[in-house]
Amino acid sequence: MKDLVGQVAEWALGASRTVVFTGAGMSTESGIPDFRSPRGVWDRFDPNEFTFQNFIGSEEGRRRYWELGRTVYPVVKRAEPNPGHHALVTLWRLGRLDCVITQNIDNLHQRAGLPAERVIELHGNATRARCLACERPYDRALIQDWLESGVVVPTCEPPCGGVIKPRTVMFGEAMPREETEEAERRARASDLFVVVGSSLVVYPAAHMPVHAKRAGARLVIVNRTPTPQDSEADLLIAGSSAAVLADIAERVASRLVST
Ligand code: NAD
């Protein structure tokens, strides 16, 4: 069998700007379910209900949202970075990684040790929240304490009383402009673009590999199941994101040490 991992390691050694684009499949091995695999989140909840419009539109929409958020947040909070997250830190320390563009909201890239400025979060971060009226920031852990102690719909401290929203991008909500533009710039400037654990069906995030490929980058997709962009890829690896990234980082590291 062809040594696919070895080929990616070779490309990473030769590339001047490697960008890694991660999705929910990056964190399933940390215990956070993805959205589309069997037993994923949307097998149990209807995504049409948890939209930005429903959240903003009514107290009942917010109540339903926080009911779900209260059960999902502890899963994210408990999760630990897996060998894949650590492998990306290794690549960064070796000078072989420009940045990570992520669809994830779990903060695990930063917790593994990637500097925050190397992580471009397209869909926000579930560890933070903010008042939509006065913009006062809140730690999501504090909101969780409120929910656990019986608050049903958290609101900003008096006298504000505004709507508190987690700093994640909800369905139907625009992507953050600055992060999206930065991600597009980095994708176009990359010469190796590696997708890890994404179904590549959530747009506009899924445009990033297209930007990279059109600008001349090599495209690698590491995902357990097929994606709509597989035919564009220079190389596909249908394996575990944690195992594949750990293997790539190890080979890059050993080559750099031996030269
Ligand atoms: P997705 O759920 O649509 O797809 C995940 C993909 O990863 C699937 O194709 C699956 O086959 C693959 N996969 C799962 N585990 C894998 C593994 N261990 N190794 C390799 N591949 C694996 O996820 P998405 O494309 O990221 O889009 C879903 C949206 O949901 C994102 O926008 C994201 O914001 C959000 N989300 C985030 C988290 C998180 O922060 N961890 C979790 C669930 C959903």
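Position labels on residues start from 1 in each chain and follow its written sequence. Two thresholds apply to this predicted model, a pLDDT of at least 70 for residue-level local features and 80 or more for giving and counting side-chain atom pairs, whereas whole-chain, interface and lining totals are computed over all residues. To obtain the side-chain values, all non-hydrogen atoms of the structure were used and water was disregarded.

## Looking at the site of the ligand
Working step 1: Whether a residue is near a molecule or strand depends on its heavy atoms: if one lies within 4 Å, it is near. Neighbouring the ligand are 27 residues; Arg36, Gln103, His123, Ser199 and Thr225 lie closest to it.
Working step 2: Contact distances for the ligand include 2.6 Å between an oxygen atom and a side-chain N or O atom of Ser199.
Working step 3: At 2.9 Å, a backbone N or O of Ser241 approaches a nitrogen atom of the ligand.
Working step 4: Note on areas: Shrake-Rupley, 1.4 Å probe, and residue coverage restricted to the protein chains presented here. In the complex, 95% of the free accessible area of the ligand, which totals 850 Å², lies under the protein chains.
Working step 5: Residues belonging to the shell around the ligand are distributed by class as follows: 6 nonpolar, 16 polar and 5 charged. We call two N or O atoms a polar contact when they sit within 3.5 Å, provided that within protein one can donate a hydrogen and the other can accept it, with sequence-adjacent residues counted only if both atoms are side-chain atoms. Think of it as three bins: nonpolar holds Ala, Val, Leu, Ile, Met, Phe, Trp, Tyr, Cys and Pro, charged holds Asp, Glu, Lys and Arg, and polar takes everything else, Gly as well.

## A short note on the packing of aromatic side chains
Working step 1: Two aromatic rings, drawn from Phe, Tyr or Trp (for Trp, its six-membered ring), form a pair once their centres lie within 6.5 Å of each other, and the interplanar angle then sorts them: stacked below 30 degrees, edge-to-face above 60, tilted otherwise. Per the counting criterion, the structure on display carries 5 aromatic pairs.
Working step 2: With centroids separated by 5.5 Å and ring planes inclined at 85 degrees, the aromatic side chains of Tyr65 and Trp66 adopt a geometry described as edge-to-face. Like Tyr65, the residue Trp66 is buried in the burial classification.
Working step 3: Taken together, the aromatic side chains of Phe55, Tyr65 and Trp66 make up a single cluster linked through ring pairs.
Working step 4: One residue, Arg140, lies across the ring of Tyr73, its end atom 4.3 Å from the ring centre. Accessible area is worked out with a 1.4 Å probe on protein chains only. A residue is then buried under 20% of its type maximum, exposed over 50%, and partly exposed in between. Distance and angle both matter: a charge sits over a ring if NZ of Lys or CZ of Arg is within 6 Å of the ring centre and within 35 degrees of the ring normal.

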